[in-house]
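So the chains spell out like this:
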Amino acid sequence: RLMEEMRRKEGGEGGAASDTDGSPWNRSNFSLFWMFWVQICVGLGGRIQRLLKYDSGSLVEDVAALYPAVRAASLEMVTELYDTMQMGLSSLDDTSAGGSSIGTGASGWNATGVMGGSAGLEDSVFLGWSGSGMDSDDHFSRADEAAGFFATNADAWTHVESSPGATGAGDASVGSGTRSGGATALATSSSTLAVFSSAEWTALHGGKGKSTYDDGNPMGLVPLQISFLKESRKRLFAPLEFMFPEAVSVDENGVALPVLPTLPSRYDLAKLDSNVRDELALADPRQGGGDFSITTMISGNIVDMLHEFCSSARRSISDTGDDRVFDSRTGSATESMSHNLKVASVMSILASFIRNAPENTFIVPYRPAQSPQHEEAAHSCRMALLPALQEIESLVKTSILYPLCRALNRQMSTAIVKMHRGTYLQDSIDDGSQSSSFVQIHLTDLYDKIASTYLSQLPNEYASIVASTIATYSIYSFVSNAALIRPLGETSRLKLTQDLADFELALEQLVFKGGTSLSLSQIAGGKPYAELRAVRQLLFWNMLDDKKHSPAEVAKGLLREAWVKDVRPSTLFHFLFSFAPALLSSPHHFKRMDAGDYVGTLVKLDGSIDDGEASAWMTTMACCDAYQQRESVDGRVIEGDRRIGAILMILGPELLRRRRQ
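Note on numbering: residues in each chain are counted from 1, in written sequence order. It should be noted that, the model being predicted, local features are given only for residues of pLDDT at least 70 and side-chain atom pairs only at 80 or more, the latter also being counted only at that level, while totals for whole chains, interfaces and linings use all residues. Calculation of side-chain values draws on the structure's entire complement of heavy atoms; hydrogens and water are dropped beforehand.

The secondary structure listing takes helices from DSSP runs of H or I that are at least 4 residues long and strands from runs of E that are at least 2 residues long, numbered from the N terminus. Assigned secondary structure in the chain consists of 29 helices and two strands. Counting over 661 residues, the chain shows a buried share of 48%. Within the chain, contacts between residues at least 6 apart in sequence are counted, and of these 75% link residues at least 24 apart. Element-wise, carbon and sulfur atoms account for 52% of the exposed surface of the chain, whose accessible area totals about 32,000 Å². We call a residue buried when its accessible area falls under 20% of the maximum for its residue type, exposed when it is over 50%, and partly exposed in between, using a 1.4 Å probe and counting protein chains only. Here, residues are in contact when the closest pair of their heavy atoms is within 4.5 Å. In these tables, accessible area is a Shrake-Rupley quantity obtained with a 1.4 Å probe, and a residue counts as shielded only by the protein chains included in the view.

And the structure:
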C-alpha cells in the first residue's frame, strides 16, 4: 500500500507512474532508500521553513547565514554516502564475476545493499519479490555469496578510514573518495561531479524543478537557499541608495536650476568593493563555503547589483551631443563633458575593483600558500562576473567615449581639409609663402590640446580607446584628402612627403600620451599605418612617364607593386586623377561637394571605411563616362595623360575584387 501511494504521488493527477518508466516508485526500480531519502528532504524543508517563519521572521537573517555551512555539511554527507555505495558496487563486481547481475535503483545508488555492504537488504530479497535465476528458498545465502560476504568482511570496504589494512579492489575503488581535508577535499573529488547530477543531491538541494514536493511543501535546502540569496542581495544593494543622488540648486528667486548629479566618491566605491568581497568570502572553501556553485550564486547577485549601478550611472550622464563637447571659443571641454569624463573615471575604478575581487578574496589572503580549491573558486567567480564588466565597458563606450571621439574627429576633419586651400600648389611653394609644415601649423597643436584636455582626464584603458580612434580616423582622413590634391607637381610631392613624416610623429606622440602600450603600427590591426607608409611610395610612382606603355600595361605594372595591397582602392583612384587632363573632373567636383564633405562619405567619424569604397568606385566610373563624352566633343587635350580614364576602368574591378577577398 505504501508503494502504491508513492507511485500515485509521483504520477500526479494524471495517474500513477508506470511499471516500465524511470520512476523510482515502480516495481522494477523501487528503492526503500529513495523513499526514505525523499521523506528526509521533505522533513528538512519543513523544519527550515518553520525556522524562517518563527516570531514573524525575526530569525531570517541569522538562519540564512547558515546556508554555506549547511550546504557544505550536506555535500560532505551525500558525497561520503555516494562513495560508500560506489565502493559496495565495485566490491560486488570484483567478487561476483560471472555471477548474477543485480541492478541499481533509479537514483543511481547501489541497490545491493546500503548499510554495511550486506546484500540482504536488496529489495528483491527484503520485500520477498522473486528474482530471475535465484532460488526463492535460499535468498539470503545467495545474496551474501554474491556480495562476497563470506570472502570479505563488510566493514573492511565500507569503512575505509577505519580499515588501513584493506587492500585489493576496495582500495582502488575509493581512491578518489577518501577524504584528506573534509568538505574542501570532497568538493573537488572526482565523485562530487557525479553527486551533483545524482537524484539524491537534486532532491536535497531542490534543483532541476524539485523545489517542492507534490503537496507543495518545500523540499530540502531550497527555503534556506532562497533566504540566503535574498539577504545577500539586500546587503549588496544597500549602498546603492546613496549613489548618484540628485543635486538641487535654486536661484535667488527660488526657481530650481538644472544641476548635474553628484558622483560617488572614492570612499563610496571602496565601501561597495568591501561589500562585494565580504559576500564572496561567504563562498570561501576554507570558511565553510562548500562547493563552488555558491560562488556563482553570489556572483549572480553582484552582477544584478552592478546592473542597477550602471542604470544609475547612465541616468547621471549628461547628454552633451556632438556639438557640446568643447567650447568653440576656447576649445576647452564644457562642464557637461567634464562631468561625463568624471563618470568614466568612476566606472573605471569600479571595474578595477570587480576585476580584482576574485583574487583579493580567494587567493591574496592565503599567500604565499597556494590552493587548487581557491584557484578554482577565483576562476569561477571571475567567469561569473564577466557580464558585469562587459556592461560597464559598453556603458562607458556608447555614452561617453564614442560621442567624444566623434566630436574630436569632426574637429580634426575641419583642420585636415585646410590642405586644399593652396597649401601644396606649386606657386605657393616657390614663393616661400608656406615655409612651415602644414602638420606643424594646423595639426600638432591640436593633438597636444586633445591630449592635455581630454586624454589626461581619462583612465588609461579609456584614453587609449580615444587616442586609437582619433589616430585611425586622422590617418584615413589625411590620406584621402591628400589623394584629392590636384595638380600635384614634383615639389608638391616632396612637401607632402615631409608632412607625412611630421604627421606620423604627431600621431605617435598622441598614442603615447593616451597611455597605451601599442604603437601606431598596431592600431586597428596595423591597416591605417600600413596605408600611411604606402602613400609615400605611391607619391613617387613614375610608370606613367613612359608614354609608350598602353593603359593595360600600366595597370598591370601598378597591380604588381608590393604596396598596392595596403592602399584603399579609393586612394589609388583619386591619386591617378592628379595625372589626368582637366576634362576629367575630380570626384568631389563631379558630385558638387567640398573635398571635406566628400571625404566624409569615405571615412566615418568612428574611423570605419568599408562603406565608402563601393561608392567611390561608382563615382569614379561616372567621372570616366563624362570624360569620354567631353573628349569626343573636344579632342584638344593640351595637358594631362589621356590614358588615365582607361587605366581606371581596368584597375577598378580588380582592386575591388582583391579587397573583397
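Past the structure itself, the notes keep going.
The next point concerns the packing of aromatic side chains. The geometry of two aromatic rings is summed up by the distance between their centres and the angle between their planes. Here a Phe, Tyr or Trp ring, Trp counted by its six-membered ring, pairs with any other such ring whose centre lies within 6.5 Å, and the pair is stacked when the planes are under 30 degrees apart, edge-to-face when over 60, and tilted otherwise. Counting across every chain of the model gives six aromatic pairs. Ring centres 5.2 Å apart and planes at 65 degrees place the aromatic pair Phe244 and Phe309 in the edge-to-face group. Of the two residues, Phe244 is situated in the loop between helix H12 (222-237) and strand S1 (249-250) and Phe309 in helix H14 (residues 293-316); the sequence distance between them amounts to 65 residues. Judged by relative accessible area, Phe244 falls into the buried class, the value being 8%. Given a relative accessible area of 1%, Phe309 falls into the buried group. Between Phe573 and Trp617, the aromatic rings sit 5.3 Å apart at their centres with planes inclined by 40 degrees, giving tilted as the arrangement. Taken together, the residues span a long stretch of sequence, with Phe573 in helix H25 (residues 569-576) and Trp617 in helix H28 (residues 612-633) at a distance of 44 residues. Accessibility expressed as a relative area gives 0% for Phe573, which makes it buried.

Before going further, it helps to examine helix H23 (residues 527-539). Expected helix span is computed as 1.5 Å times (number of residues minus one). Taking 1.5 Å per residue, 13 residues should reach 18 Å; H23 reaches 18 Å between its end C-alpha atoms and fits that length. For H23, every residue scored as buried is listed here: Pro528, Tyr529, Glu531, Leu532, Ala534, Val535, Leu538 and Leu539. Buried residues along H23 sit against helix H21 (460-483), helix H22 (490-513) and H25.

Attention now goes to the environment of Cys381. Tracing the backbone shows Cys381 in helix H16 (residues 372-384). For Cys381, a relative accessible area of 0% translates into the label buried. Taking the C-alpha atoms as reference, Cys381 lies 6.3 Å from Ser299; in sequence the two are 82 residues apart.

A fitted line through C-alpha atoms represents every axis, and for helices the fit uses only the stretch in contact; the resulting angles, taken between N-to-C directions, go from 0 to 180 degrees. With their axes 10 Å apart at the nearest point, H21 and helix H27 (residues 595-602) run at an angle of 130 degrees to one another. Taken together, the axes of H21 and H27 are oblique relative to one another. Crossing angle aside, the handedness with which H21 passes H27 is right-handed. In contact with Ser477, Ser480 and Asn481 of H21, H27 contributes Ala595, Gly596 and Val599. Gly falls in the polar group here, along with every residue not listed as nonpolar (Ala, Val, Leu, Ile, Met, Phe, Trp, Tyr, Cys, Pro) or charged (Asp, Glu, Lys, Arg). In terms of residue class, the contact of H21 with H27 is built from two nonpolar, four polar and no charged. By definition in this entry, angles of less than 35 degrees are roughly parallel, angles greater than 145 are roughly antiparallel, angles of 65 to 115 are roughly perpendicular, and the rest are oblique. In this scheme the crossing of two helices becomes right-handed for a clockwise turn of the near helix relative to the far one and left-handed for an anticlockwise turn of less than a right angle.

Looking at any residue, its pLDDT shows the predictor's confidence there, from 0 to 100. Summing up the model confidence of the chain, the mean pLDDT is 77 and the portion of residues at 70 or higher is 71%. Note that pLDDT drops below 50 for residues 98-189; the model gives that stretch 122 contacts with residues more than four away or on any other chain.

We now examine the side chain of His339. Summarising the element assignment, His339 is placed in helix H15 (residues 335-362). Residues contacting His339, with those up to four places away along its chain left out, are Leu260, Pro261, Leu263, Ser316 and Ser318.

Let us look at the state of the cysteines. Throughout, a disulfide means two cysteine sulfur atoms within 2.5 Å of one another. As enumerated under the stated definition, the model contains zero disulfides in all. This cysteine, Cys624, is not joined by any disulfide, and Cys623 carries the nearest cysteine sulfur, 6.9 Å off.

The N-to-C vectors of H21 and H23 enclose an angle of 30 degrees; their axes lie 9 Å apart at closest approach. In terms of axis orientation, H21 runs roughly parallel to H23. Pair H21 / H23 crosses with left-handed handedness. Residues Thr472, Ile475, Tyr476 and Val479 of H21 form the contact with H23, whose participating residues are Lys527, Pro528, Tyr529, Glu531, Leu532 and Val535. Residues belonging to the contact of H21 with H23 are distributed by class as follows: seven nonpolar, one polar and two charged.

Tracing the chain through its elements places Arg643 in the loop between H28 and helix H29 (644-660). Polar contact criterion, stated in full: a pair of N or O atoms within 3.5 Å, where within protein one must be able to donate a hydrogen and the other to accept it, and residues adjacent in sequence count only if both atoms are side-chain atoms. At 3.0 Å, the side chain of Arg643 forms a polar contact with the backbone oxygen of Leu544. Residues in contact with Arg643, not counting those within four places in the same chain, are Leu544, Asp546, Lys547, His549, Pro551 and Val554.

By size, the foremost hydrophobic cluster in this structure holds 128 residues, and its most contacted members are Phe309, Leu443 and Phe478. Sort the elements by how many residues they give to this core and helix H17 (residues 386-416) lands first, with 14 residues. Apart from the residues lying within four places of it in its own chain, the contact partners of Leu443 are Met412, Ala415, Ile416, Phe438, Phe478 and Phe503. In this structure, Trp37, Leu75, Val195 and Met219 belong to the second largest nonpolar core, which totals 15 residues. Take the buried Ala, Val, Leu, Ile, Met, Phe, Trp, Tyr and Cys residues and link them wherever side-chain atoms come within 4.5 Å; each set so joined is a nonpolar core.

Right, let's talk about the pattern of salt bridges for a bit. A side chain of one charge can pair with a side chain of the opposite charge when the charged atoms of the two come close. Put simply, a salt bridge is a Lys or Arg side-chain nitrogen that is within 4 Å of an Asp or Glu carboxyl oxygen. For the structure on display, the rule yields 15 salt bridges. Note that Asp448 and Lys513 form a salt bridge whose closest N and O atoms lie 3.3 Å from each other. With Asp448 in helix H20 (residues 444-453) and Lys513 in helix H22, this residue pair connects regions lying 65 residues apart in the sequence. Between Asp566 and Lys565 there is a salt bridge, and its shortest N-O distance comes to 3.9 Å. Judged by relative accessible area, which is 29%, Asp566 ranks as partly exposed. When its relative accessible area of 67% is taken as the criterion, Lys565 is described as exposed. A network of salt bridges, in which partner residues are shared, links Glu504, Arg533 and Arg536.

Next up on the list: H28. Its 22 residues give H28 an end-to-end C-alpha distance of 32 Å, which sits within 8% of 32 Å, the value for a rise of 1.5 Å per residue. Looking only at H28, the buried set comprises Gly612, Glu613, Ala616, Trp617, Thr619, Thr620, Cys623, Cys624, Ala626, Tyr627 and Glu631. Where the residues of H28 are buried, they touch H25, helix H26 (587-590), H27 and H29.

Next up on the list: the environment of Gln373. Mapped onto the elements, Gln373 comes out in helix H16. With 89 residues separating them in the primary sequence, Gln373 and Asp284 have C-alpha atoms 9.1 Å apart.

Leaving glycine aside, a negative phi is the common case for residues, and trans is the common case for peptide bonds. The omega torsion across Arg367 and Pro368 is 5 degrees, close enough to zero to call that bond cis. Mapped onto the elements, Pro368 comes out in the loop between H15 and H16. With omega at 0 degrees, the peptide bond leading from Arg486 into Pro487 counts as cis. The topology assignment puts Pro487 in the loop between H21 and H22. At Phe244, a residue that is not glycine, the phi angle is positive and equals roughly 55 degrees.

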